[in-house]
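One letter stands for each residue in the lines below.
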Amino acid sequence: MISQLSDRLRFLRAFVAHPRQVGAILPTSRWAVRDMLDLADLSTARLVVELGAGTGSQTGEILARLGPDARLVSLEIDPQLAKLLTERHPDPRLTVVCDSAEFLDAHLDGSLADVVVSALPYTSLEPGLRRRILDVLPRAMAPQGVTLVIQYSPLMQGELRRRFATVQRSVSPWNVPPAFLFACTGPTGPAQ
């Protein structure tokens, strides 16, 4: 309980410092994280990428679902939150990278992800940055992979459909506000 309160305060501080970068005042609920991760089979994934790791509400659940030889590369742009992730999850399968998601390619050493998990606040990002990050998603994903996206609005569905052949949408009502979950497959390449 104290840990959850501490995470909420850290997240709120990050939001106050960089509201467009963080996009929410509270971390995603564990129910919404589970609902999102249920849309892919992480147990067979060799490489999972997490964008917008925050305080690690997704990170711990991803690690719990990964096989012993899998890798998780988590990107978090806020240095304090990236440090917290490293301290909180001393797992050899986890690599925490403190950088913008638009530079994801530089951190994969040519590997492609079986699953990409994105909790980035796309609707609050500057349009050019949003486009660059969304364009990275299909390039970072293996041909049979899936990109999972959690948002607090359905507005990004059209942007995702321009980059993926199939975009399935569901809603996790046990989050405040309710979370829209997208499972994207069949990369079509960057938007034209």
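Residues numbered from 1 in each chain as written. Predicted model: local features only at pLDDT ≥ 70, side-chain atom pairs only at ≥ 80, totals over all residues. Heavy atoms only, no water.

## Concerning helix α3 (residues 30-37)
Stage number 1. Looking at α3, one finds that the buried residues are Ala32, Val33, Met36 and Leu37. Angularly, the buried residues of α3 cover 130 degrees about the axis, an arc narrow enough to put them on a single face.
Stage number 2. In the core, the buried residues of α3 are packed alongside α4 (59-65), β4 (113-118), β5 (141-151), β6 (164-172) and β7 (179-187). (Buried < 20%, exposed > 50% of the residue type's maximum accessible area, 1.4 Å probe, protein only. Helix = DSSP H or I, 4+ residues; strand = E, 2+ residues; numbered from the N terminus. Arc of directions from axis to C-beta. Contact = heavy atoms within 4.5 Å.)

## Thoughts on the nonpolar core
Stage number 1. Core analysis: the largest hydrophobic core is formed by 29 residues, its most contacted members being Leu51, Leu104, Tyr122 and Leu160.
Stage number 2. Sorting the residues of this core by element identifies β1 (47-51), β2 (71-75), β4, α6 (127-140), β5, β6 and β7 as the ones contributing at least two each.
Stage number 3. Per-element tally for this core: the top contributor is α6, with 6 residues.
Stage number 4. If we skip the residues at most four places from it in the chain, leucine 160 touches Leu134, Val149, Val167, Phe182 and Cys184.
Stage number 5. If you look at the next biggest cluster of nonpolar residues, it comprises 22 residues, including Val33, Ala40, Leu42 and Leu63. (Core = buried A, V, L, I, M, F, W, Y, C linked by side-chain atoms within 4.5 Å.)

## Examining the pattern of salt bridges
Stage number 1. In total, this model carries 10 salt bridges according to the counting rule given.
Stage number 2. The shortest N-O distance in the salt bridge between arginine 162 and glutamate 159 comes to 3.1 Å.
Stage number 3. Using a relative accessible area of 22% as the deciding quantity, one classes glutamate 159 as partly exposed.
Stage number 4. Between glutamate 159 and arginine 163 there is a salt bridge; the shortest N-O distance is 2.9 Å.
Stage number 5. Because the salt bridges share partners, they merge into one network encompassing Arg34, Asp38, Glu61 and Arg65. (Salt bridge = Lys/Arg side-chain N within 4 Å of Asp/Glu carboxyl O.)

## Quick notes on the packing of aromatic side chains
Stage number 1. A full pass over the atoms with the stated rule returns 0 aromatic pairs.
Stage number 2. For arginine 30, the ring lying beneath its charged end belongs to tryptophan 31, and the centroid distance is 4.4 Å. (Phe/Tyr/Trp six-rings, centres within 6.5 Å; stacked < 30°, edge-to-face > 60°. Lys NZ or Arg CZ within 6 Å of the ring centre and 35° of its normal.)

## Some words on the environment of valine 136
Stage number 1. Take valine 136: it is sitting in helix α6.
Stage number 2. Sequence separation between valine 136 and aspartate 105 is 31 residues; the distance between their C-alpha atoms is 7.4 Å.

## A closer look at the sheet that holds β6
Stage number 1. The strand order across the open sheet built from 7 strands is β3-β2-β1-β4-β5-β7-β6, with neighbouring strands paired in mixed fashion. Whereas interior strands pair on both sides, the edge strands pair on one side only; in this sheet they are β3 (94-97) and β6. Averaged over neighbouring strand pairs, the angle between their axes works out to 15 degrees when direction is ignored.
Stage number 2. Of the pairings in the sheet, the one linking β1 to β4 comprises 4 bridges and is parallel in character. Note that in β4 the partner of valine 48 across the bridge is valine 115. (Pairing = 2+ DSSP bridges. Axes fitted to C-alpha atoms, helices over the stretch in contact; angles between N-to-C directions.)

## Overview of the environment of cysteine 98
Stage number 1. Structurally, the position occupied by cysteine 98 is in the loop between β3 and β4.
Stage number 2. With 19 residues separating them along the chain, cysteine 98 and proline 79 place their C-alpha atoms 6.1 Å apart.
Stage number 3. Once residues lying within four places of it in the same chain are set aside, the contact partners of cysteine 98 are Glu76, Ile77, Asp78, Pro79 and Ala82.

## So, the pairing of β1
Stage number 1. The buried fraction of β1 is high, at 5 of 5 residues.
Stage number 2. Where β1 lies against β2, 5 bridges are found, and the strand directions are parallel. Residue pairing across strands places leucine 47 opposite arginine 71, the latter belonging to β2.
Stage number 3. Crossover β1 to β2 through α4 is right-handed. (Right-handed = clockwise from strand over helix to strand, strands pointing away.)

## A word on the pairing of β6
Stage number 1. Across 8 bridges, β6 lies against β7 in antiparallel orientation. Each residue of the ladder has a partner; that of glutamine 168, found in β7, is alanine 183.
Stage number 2. Here β6 folds back onto β7 in antiparallel fashion, the turn holding 6 residues.

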